[in-house]
Every structure is written in C-alpha cells, then in structure tokens.
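Chains, contacts and geometry: an overview
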Amino acid sequence: NQPNGLENVAKLAGHFFTDIEGRPIETADIDGLAKFSSVIGLGTIKARHSQIVPDGNDAEIEYTVHIDVLLKGTVPANGDVTFWVSGGCIAFPDGTTAERSTAVWRYVQVSKQYLLFLLKAADGFIIFGGMEGVGRVTSPSGEFEIAADLDKNGHHIISDRPKGMTLADLVNKIKVTH
C-alpha cells in the first residue's frame, strides 16, 4: 500500500499544516442564495469527520447535520443530511498529521446551530456558494450573519451586505424568489 500525497508530506514534516484561503463568491448575494439553494435550513451539526479524497492529495470534511427548521426544500424524514467541504486534519498511524484548513470551517462546530444554504449533490449536499452558504443566528430576534463575511478571527471583512436581516426576512425572500 503506497503512501498518498498528504501522507508523504506528513512524513517529511511530522505535522504538516496549510491554510486554504477561502474567498467569498462576489455574486452570491442573499437573493441568489435564496433562489438557487436546494435546501435552506437551520441545522445543528451532529458529527464532523475528516477523510482523504480518493487521489490522496487532499482532504475533505464530512459534516452530518440535523435540520431543525426547514425553510426551503426537502430533507429525509429523520431530518439528517450530510455535506462535504474541502480541508480537514488527517492523523496517520505513525503519529504524523496533515491538515488543510479554511478559516470559516474552524467556526463550524459540532453541537452548534447554523443557517445552511445547501445544493443537492450525488450522495448528499454541498454548501451552495462555498463560504457564502453558511450563516449563524446572532440574536434572539433571528438576525443572522454570513460566515464568509468574517475573517479567521471572527471580524467583519465585508461591509456591503445588509446588516440586521432576520430569518423572517429570509423566508420572505425565499417566497419571492422561489
């Protein structure tokens, strides 16, 4: 069994780390996310698992999420869906590791709730618009922010998005664009 690319760099470095700089998609505004997402919902992350992609040169993170509040689309009867993103940390049997990290995915934690914009894929979902497709509710009144608007320290980096938009506003946009 030949070591893959990530395993080789882990062997050389001991603990290999690289930061994938995610970039917001300029055209993915709230109207576009609402219109083109297959599923929009508030979901609680149940599990997170890193794995090597088939060619061995990259990693991906598989998330299992329970959709607590479905705003658009359909999900399985149990409410659980799976989505994948680029990155992750792989530990090899010899104790070495290889990690590819995107700033926004550091914030997506098990047992926390997020606003997710999902696009149907062959065997699950992907986040629609990449980092644009993850938000978090920031107030009891339902205001939310998009994770792509934050830098790796959680500070706002994009100022032209509407502030103070609530989930109720989003539901109205879904009705208009769907």
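Residues numbered from 1 in each chain as written. Predicted model: local features only at pLDDT ≥ 70, side-chain atom pairs only at ≥ 80, totals over all residues. Heavy atoms only, no water.

1. Some points on the overall build of the chain
Broken down by element type, the chain carries 3 helices and 10 strands. Along the chain, helices (α) and strands (β) appear in the sequence α-β-α-β-β-β-β-β-β-β-β-β-α when read from the amino end. Nonlocal contacts in the chain, meaning residues at least 24 apart in sequence, comprise 60% of its contacts between residues at least 6 apart. Working note: accessible area of the chain is about 9,300 Å², and carbon and sulfur atoms make up 53% of it. (Helix = DSSP H or I, 4+ residues; strand = E, 2+ residues; numbered from the N terminus. Contact = heavy atoms within 4.5 Å. Areas by Shrake-Rupley, 256 points an atom, 1.4 Å probe, with all protein chains shown as cover.)

2. Quick word on the nonpolar core
Core analysis: the biggest nonpolar cluster contains 16 residues, and I45, Y63, V65, F83, L116, L118 and I127 have the highest contact counts within it. In terms of residues, this core owes the most to one element, strand β3 (residues 59-72), which gives 4 residues. Each residue touching L116, except ones within four places of it in the same chain, is listed here: V39, I40, G41, V65, F83, I127, G133 and V134. Core analysis: the next-biggest nonpolar cluster, separate from the first, contains 12 residues, I30, I40, F144 and M165 among them. (Core = buried A, V, L, I, M, F, W, Y, C linked by side-chain atoms within 4.5 Å. Buried < 20%, exposed > 50% of the residue type's maximum accessible area, 1.4 Å probe, protein only.)

3. What to know about the pattern of salt bridges
Overall, the coordinates contain 1 salt bridge when judged by the stated rule. Across the salt bridge formed by D80 and K46, the nearest N and O atoms sit 2.6 Å from each other. One end of the pair, D80, is in strand β4 (residues 80-86); the other, K46, is in strand β2 (residues 39-52), with 34 residues separating them in the sequence. (Salt bridge = Lys/Arg side-chain N within 4 Å of Asp/Glu carboxyl O.)

4. Thoughts on the packing of aromatic side chains
Per the counting criterion, the structure on display carries 1 aromatic pair. With centroids separated by 4.9 Å and ring planes inclined at 20 degrees, the aromatic side chains of Y63 and F83 adopt a geometry described as stacked. Of the two residues, Y63 is situated in strand β3 and F83 in strand β4; the sequence distance between them amounts to 20 residues. Note on accessibility: Y63 and F83 belong to one class, buried. Between K120 and the ring centre of F125, over which it is positioned, the NZ or CZ distance is 4.9 Å. (Phe/Tyr/Trp six-rings, centres within 6.5 Å; stacked < 30°, edge-to-face > 60°. Lys NZ or Arg CZ within 6 Å of the ring centre and 35° of its normal.)

5. What about the confidence of the model for the chain?
Mean pLDDT for the chain: 75, with 69% of residues reaching 70 or above. Contacts for the low-pLDDT stretch residues 23-27, under 50 throughout, to residues beyond four places or in other chains number 8 contacts. (pLDDT = per-residue confidence, 0-100.)

6. Looking at unusual backbone geometry
Only a minority of non-glycine residues have a phi that is not negative, and only a minority of peptide bonds are not trans. Its identity is not glycine, yet S111 carries a phi of approximately 80 degrees, on the positive side. Within the fold, S111 resides in the loop between β6 (97-102) and β7 (113-121). A residue is classified by how much of its surface remains accessible, and S111, at 60% relative accessible area, is exposed.

7. Overview of the pairing of strand β8 (residues 124-127)
The sheet contact formed by β4 and β8 spans 2 bridges and is parallel. Among the inter-strand pairings, F83 is bridged to a residue of β8, identified as F125. As paired strands, β7 and β8 are joined by 4 bridges and run antiparallel to one another. Bridge assignment links L119 to a residue of β8, and that residue is I126. Joining the antiparallel neighbours β7 and β8 is a turn of 2 residues. (Pairing = 2+ DSSP bridges.)

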